[in-house]
Amino acid sequence: MEKTLAFPDLLRLIDERSAAFRTAVASAPSLDVRVPTCPEWTLFDLAQHIGEGRRAWAATIAAGPAATAKSEPENAPAAPREREALSAWLAASTQELVDALREAGPDRGCWTWWGASQSPKTCGAVARHQLQQITVHTYDAQVTVGTPQPLPAEVALDGVEEFLSTCVATTSAWPHKPTAFDFHATEGRSWRLTLDGNGARVAVADETPDSPGVAVHGTASELVLFVYDRIPADAVRIDGDATLFDLLREWEPEE
């Protein structure tokens, strides 16, 4: 597996992407505009989701490794609708998360929603996933205001593996014919997701020379946006059986 981002870099990038999110929200003509990539939400809904989510994860981290469920913050202020107040509320939410992560450190145990994945149940893994979440939602906000930007390369290069190891990897048996998905970033990194009776596991693609069932090629940013369903299949190059992605999206592992 590729080396992941160092913990201080994760915290720095969470802060940077959060600032970019606030910039996008501040430039919107209205907070009631619909988010094209999350059509059930307005921009205010998205901002509320971001802020409340960061505070809840801060509380979960602070609860320590003995926690058995996600924690909710006590007496947390509601998201304000006034533009400058909302920006300040979002900044405070991010600061709560970063402070909680910094105090806990990367190796302390933490409740997580992922089960038998390849991501550990640690604060470092939470920080890694939180970075990807705020990065993708920053893209959502930028699309909403008409200024979409590619994801930063250092974030996206970590994001492909993070998505596969956290959101897809499982010990539940793949109910179809064994296969593999390859993801090739133009920046020079590749990953393979193998699915069979033992579940789903991700590895560096060049360590598994057999041909995959399907391969996706694009920039790391495009690959992350593709796996999160933010861009269509024709925005990347797909070789092989593209219908395998339909099977993967429909699969609901039992853990």
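Let me begin by describing the structure that accompanies this report. Predicted model, so just to flag it, every value in this text is computed and none were measured.

Scoring rules and cut-offs
- Numbering of residues starts from 1 in each chain and follows the order in which that chain's sequence is written.
- Per-residue local features of the predicted model are confined to residues with pLDDT of at least 70, and side-chain atom pairs are confined, for both listing and counting, to 80 or more; whole-chain, interface and lining totals are unaffected and use all residues.
- Only hydrogens and water are set aside; all other atoms, that is, all heavy atoms of the structure, feed into the side-chain values.
- Secondary structure elements follow DSSP: runs of H or I no shorter than four residues count as helices, runs of E no shorter than two count as strands, and numbering proceeds from the N terminus.
- Our radius of gyration looks at C-alpha atoms and nothing else; its globule reference is 2.2 Å times the residue count to the power 0.38.
- Working definition: with a 1.4 Å probe on protein chains only, accessible area under 20% of the residue-type maximum means buried, over 50% means exposed, and in between means partly exposed.
- A side-chain nitrogen of Lys or Arg and a carboxyl oxygen of Asp or Glu constitute a salt bridge if their distance falls within 4 Å.
- Two strands are counted as paired when DSSP detects at least two bridges linking them.
- Lines fitted to C-alpha atoms define the axes here, with helix axes fitted over just the stretch in contact, and angles between the N-to-C directions of these axes take values from 0 to 180 degrees.
- We call two residues contacting when some pair of their heavy atoms lies within 4.5 Å.
- One fewer than the residue count of a helix, multiplied by 1.5 Å, yields its expected span.
- Each direction from the helix axis to a C-beta atom contributes to the arc, which is the arc of those directions.
- Pairing of N or O atoms within 3.5 Å defines a polar contact, subject to two protein rules: one partner must be a possible hydrogen donor and the other a possible acceptor, and residues neighboring in sequence count only if both atoms are side-chain atoms.

Looking at the overall build of the protein
Logical step 1: Of regular secondary structure, the protein possesses seven helices and seven strands.
Logical step 2: The order of α-helices and β-strands along the protein, N terminus first, is α-β-β-α-α-α-α-β-β-β-β-α-β-α.
Logical step 3: Relative to its length of 255 residues, the protein is compact, with a C-alpha radius of gyration of 18 Å against a globular reference of 18 Å.
Logical step 4: By its C-alpha atoms, the protein is 55 × 45 × 30 Å across when sized along the principal axes.
Logical step 5: Counting all 255 residues of the protein, 50% fall into the buried class.

Some remarks on the pattern of salt bridges
Logical step 1: Summed over all chains, the structure comprises twelve salt bridges.
Logical step 2: The closest approach of N and O atoms between aspartate 99 and arginine 102, which form a salt bridge, is 3.7 Å. You can see aspartate 99 and its partner arginine 102 sitting in helix H3 (residues 83-104), three residues apart, about one turn around the helix.
Logical step 3: Put simply, aspartate 140 and arginine 230 hold a salt bridge, and the shortest N to O gap is 2.8 Å. Separated by 90 residues along the polypeptide, aspartate 140 in helix H4 (residues 123-144) and arginine 230 in the loop between helix H6 (220-227) and strand E7 (237-240) bring together distant segments of the chain.
Logical step 4: Given the relative accessible area of 0%, aspartate 140 is considered buried.

With respect to the environment of aspartate 234
Logical step 1: Mapped onto the secondary structure, aspartate 234 falls in the loop between H6 and E7.
Logical step 2: In this structure the C-alpha to C-alpha distance between aspartate 234 and threonine 60, which are 174 residues apart in sequence, comes to 39 Å.

Quick word on the sheet that holds E7
Logical step 1: If you trace the five strands from one edge of the open sheet to the other, you get E5-E4-E3-E6-E7, paired in mixed fashion. Strands with a single pairing partner mark the edges of an open sheet, and in this sheet they are strand E5 (199-204) and E7. Direction aside, the axes of adjacent strands within the sheet are offset by 15 degrees on average.
Logical step 2: Summarising the sheet, strand E6 (residues 214-218) and E7 pair through four bridges and their orientation is antiparallel. Residue pairing for E7: alanine 215 is matched across the bridge by aspartate 239.
Logical step 3: In the packing of helix H5 (residues 153-168) onto the sheet, the strands contacted are strand E3 (179-185), strand E4 (190-196) and E5, and the crossing angle to E4 comes to about 15 degrees.

A few points about unusual backbone geometry
Logical step 1: The backbone of asparagine 75 sits at a positive phi, close to 55 degrees, despite the residue not being glycine.
Logical step 2: Tracing the chain through its elements places asparagine 75 in the loop between helix H2 (43-63) and H3.

Some words on H3
Logical step 1: Between its terminal C-alpha atoms H3 stretches 32 Å, which fits the 32 Å expected from 22 residues at 1.5 Å a residue.
Logical step 2: Within H3, burial applies to Leu86, Trp89, Leu90, Ser93, Thr94, Leu97, Val98, Ala100, Leu101 and Ala104. Projected down its long axis, H3 shows its buried positions confined to an angular sector of 165 degrees, all on one face. Looking at H3, the residues exposed on the side facing more than 90 degrees away from the buried face are Glu84, Arg102 and Glu103.
Logical step 3: Summarising the contacts, the buried residues of H3 are in contact with helix H1 (7-26), H2 and H4.
Logical step 4: Between the side-chain oxygen at the start of H3 and the backbone nitrogen of glutamate 84 there is a gap of 3.2 Å, and the oxygen is on glutamate 82.

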